[in-house]
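Spelled out, the chains give:
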Amino acid sequence: MPLLLNGPSLPSLPETVVVPAYDFAALPVAIVHLGIGAFHRAHQAVYTDDAIAAAGGAWGICGVSLRSPDVRDRLGPQDNLYTVVEKSRATVSHRVIASVREVLFRGDQFDTVLERMAAPATQIVSLTVTEKGYCHNPATGQLDFANPEIAHDLREPQDPMSAVGLLVHALDVRRSSGGGPLTVLCCDNLPQNGRLVERLVDTFARERDRALAQWITANVMFPSTMIDRIVPAATDSDLAEVRKVLSVLDLAPVVCEPFRQWVIEERFAGSRPPWESAGVQFVSDVAPFETMKLRLLNASHSAFAYLGFLAGYETIWQVAANPDFVALMRAVMEEATPTLKVAPGIDVEAYKSALIERFANPALPHRTQQIAMDGSQKLPPRLLDTIRDNLAGQRPIDFHTLAVAAWMRYVSGVDEAGRPIAVSDPMANDFARVAEAYRGDPAQLARGFLGLAAIFGSDLPGDARFVSAVTVWLSALFSEGAARTVARAVRRDRMS
Ligand code: CS2
């Protein structure tokens, strides 16, 4: 077995590698994080590592994997140390992070997970479980009682499968064991994400035990956050590259862009890490930051993912190398801008130009298909809310409807060369059913997808302007293909 990255091998690392500047071995846990994927390890865990180095404090993180033991099994032998590789066009840097002190797998360490979440020392439970991990209806924002995991968790509340069920059960244990107040910090790309999780937890708890729901209302705070860093899935060649640089093996490095941002609502139940010493912004209202990020960055990402994939691009930077697609991204952002309440001091035009630069970073192979996942959950906050606002304001929706049509073309499951597309989405079966029923008839196909109320609600399918725009674009995507449709759309836009 090659030498692993761990406490003993730290001193042997090259000087170019930044190593933890504090005694991490004895660092107690005060944060439990659900969903310890690459994003958390490249974002919140890095801010926490910085804060501990800058201002001290007992803010170790206990990470919990809900679905697979993989991260636990990779990090365990490495004293839970791992490398963050920041890559830009010109630079690459390597840094070892030590803020994660433990990783548990819910599947075979459930009692320990509960113990950590109920412990008085635990001040914060944070989450990155992806949009679908909240088992809500994306169109209404309400708990989806028809979701199989929620139905299971209401039947067997002491053996929860969902994040919401686990939160409520752990809070029940915390209540009965005197664990005290707690802050639940959602770090996923959802509008008003603190309020959303608060509502979902309250709804579920009321179904279980009204006294528990009341205790949660009185003792648990749910701040909203805006989180931002582009973190593609790490590949085997990343592992090999890190091994070459460190001369030891890191089984779980994360790769990301240099840019990062975290904006948090100052609404905590108890104490929190001195994250401001690491550059985190604390504000009273996160909404302007969140909306700007979701409707400019994430909306453009989704447009690039579907149109780029259909045009044959495997990664985002390749899409951003095509001037027509850059013009498309500018047009999507132009359409969204009137719907934004920009926070004081933010130069939104500079923000947009920086986004184009970030997407064009050739050192980050961010796959279009990775971003194309879970469109049923991503379309409402990224594209449909903007469309609703622009319909109400009689403003343009052309490029947003083109992105929605591209999603329909993508989830209909066959690419422009006739090959099957591996559509990854909780509603993939619904998509296959619609695609099968209306194959070859774009107008009916559009109507079929618009009938999915969990995505489009009851208002949009009834809006003639929206329906006809989507249908026209979907027909064009089938007849002309994505690259030509985008070229024609931006040319027409330039002439108007
Ligand atoms: C991406 C996001 O996969 C996706 O849907 O749009 O993960 C995006 O990279 C981050 O939100 C950037 O902060």
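Residues numbered from 1 in each chain as written. Predicted model: local features only at pLDDT ≥ 70, side-chain atom pairs only at ≥ 80, totals over all residues. Heavy atoms only, no water.

A. Region of the structure containing the overall build of the protein chain. Within the protein chain, the regular secondary structure consists of 21 helices and 13 strands. For the protein chain, the C-alpha radius of gyration of 23 Å lies close to 23 Å, the compact-globule estimate for 496 residues. Each principal axis of the C-alpha atoms in the protein chain carries an extent, and together these give about 65 × 55 × 45 Å. Expressed as a percentage of the 496 residues in the protein chain, the buried residues total 57%. For the protein chain, contacts bridging at least 24 residues in sequence account for 77% of all contacts bridging at least 6. Looking at the protein chain as shown, the accessible area adds up to about 18900 Å², and 54% of this sits on carbon and sulfur atoms. Taking the average place of the 47 positive charges on the side chains of the protein chain and the average place of its 56 negative ones, the gap between the two points comes to 3 Å. (Helix = DSSP H or I, 4+ residues; strand = E, 2+ residues; numbered from the N terminus. Rg over C-alpha atoms; globule rule 2.2 N^0.38 Å. Buried < 20%, exposed > 50% of the residue type's maximum accessible area, 1.4 Å probe, protein only. Contact = heavy atoms within 4.5 Å. Areas by Shrake-Rupley, 256 points an atom, 1.4 Å probe, with all protein chains shown as cover. Lys, Arg positive; Asp, Glu negative; His and termini not counted. Charge placed at Lys NZ, Arg CZ, Asp CG, Glu CD.)

B. Structural detail: the site of the ligand. Every residue near the ligand is listed here: N189, D228, R229, K293, N298, H301, H366, I371, K378 and R382. K293 places a side-chain nitrogen or oxygen 2.6 Å from an oxygen atom of the ligand. At 2.8 Å from an oxygen atom of the ligand is found a side-chain nitrogen or oxygen belonging to H301. For the ligand, whose accessible area on its own is 340 Å², the fraction buried by protein is 88%. Top element by residues in the shell around the ligand is helix α10 (residues 287–310). It accounts for 3 residues. Looking at the shell around the ligand residue by residue, the class counts come to 1 nonpolar, 4 polar and 5 charged. (Near = heavy atom within 4 Å. Polar contact = N/O pair within 3.5 Å; in protein donor to acceptor, adjacent residues only side chain to side chain. Nonpolar A, V, L, I, M, F, W, Y, C, P; charged D, E, K, R; others polar.)

C. Representation of unusual backbone geometry within the structure. At N80, a position not held by glycine, the phi torsion is positive, near 60°. With respect to the helices and strands, N80 occurs in the loop between α3 (70–75) and β4 (82–87). N80 gets classed as buried once you look at its relative accessible area, which sits at 9%. Of note in this structure, C135 is not a glycine but carries a positive phi near 50°. Summarising the element assignment, C135 is placed in the loop between β7 (124–127) and α5 (148–155).

D. Summary view of the pattern of salt bridges. Tallying each qualifying case throughout the model produces 35 salt bridges. Between E102 and R116 there is a salt bridge whose closest N-O contact spans 2.8 Å. One end of the pair, E102, is in strand β6 (residues 100–105); the other, R116, is in helix α4 (residues 110–118), with 14 residues separating them in the sequence. Since its relative accessible area comes to 23%, R116 is described here as partly exposed. One salt bridge connects R175 with D209, and the closest N-O pair in it is separated by 3.0 Å. With R175 in helix α6 (residues 163–177) and D209 in the loop between α7 (193–208) and α8 (210–219), the pair connects residues that are 34 residues apart, well separated along the chain. Given a relative accessible area of 26%, D209 falls into the partly exposed group. Residues joined in a network through salt bridges with shared partners are D49, D50, R95 and R260. (Salt bridge = Lys/Arg side-chain N within 4 Å of Asp/Glu carboxyl O.)

E. Region of interest: the sheet that holds strand β1 (residues 17–18). Spatial ordering of the open sheet is given by β1-β5-β4-β11, a layout of 4 strands whose pairing is mixed. Only two strands of the sheet have a single partner each, and these edge strands are β1 and β11 (254–256). When β1 meets strand β5 (residues 92–97), the two strands line up parallel, connected through 2 bridges. Considered in β5, the bridge of V18 is made with R95. Across the sheet, helix α9 (residues 236–246) lies against β1, β4, β5 and β11, angled at about 100° from β4, the strand it touches most. (Pairing = 2+ DSSP bridges. Axes fitted to C-alpha atoms, helices over the stretch in contact; angles between N-to-C directions.)

F. The packing of α6 against α7, seen in detail. Their axes nearest at 9 Å, the elements α6 and α7 cross at an angle of 65°. Handedness of the α6/α7 crossing: right-handed. On α7, the residues touching V164, G165, L167, V168, H169, L171 and D172 of α6 are V197, L200, V201, F204, A205 and R208. A per-class count over the contact of α6 with α7 returns 9 nonpolar, 2 polar and 2 charged. (Left-handed = near helix turned anticlockwise from the far one by under 90°.)

G. Representation of the side chain of H152. One can find H152 in helix α5. Of the residues examined, H152 reaches a relative accessible area of 11% and is grouped as buried. When residues no more than four places from it in sequence are discounted, the contact partners of H152 are D159 and M161.

H. Examining the nonpolar core more closely. Membership of the largest hydrophobic core comes to 118 residues, with the highest contact counts inside it found for W275, L328, W407, M408, F456 and F466. At 11 residues, α10 tops the list of elements feeding residues into this core. Once residues within four sequence positions are removed from consideration, M408 is found in contact with A446, F449, L450, F456, V470 and L474. Membership of the second largest hydrophobic core comes to 40 residues, among which are Y134, V164, V201 and F222. (Core = buried A, V, L, I, M, F, W, Y, C linked by side-chain atoms within 4.5 Å.)

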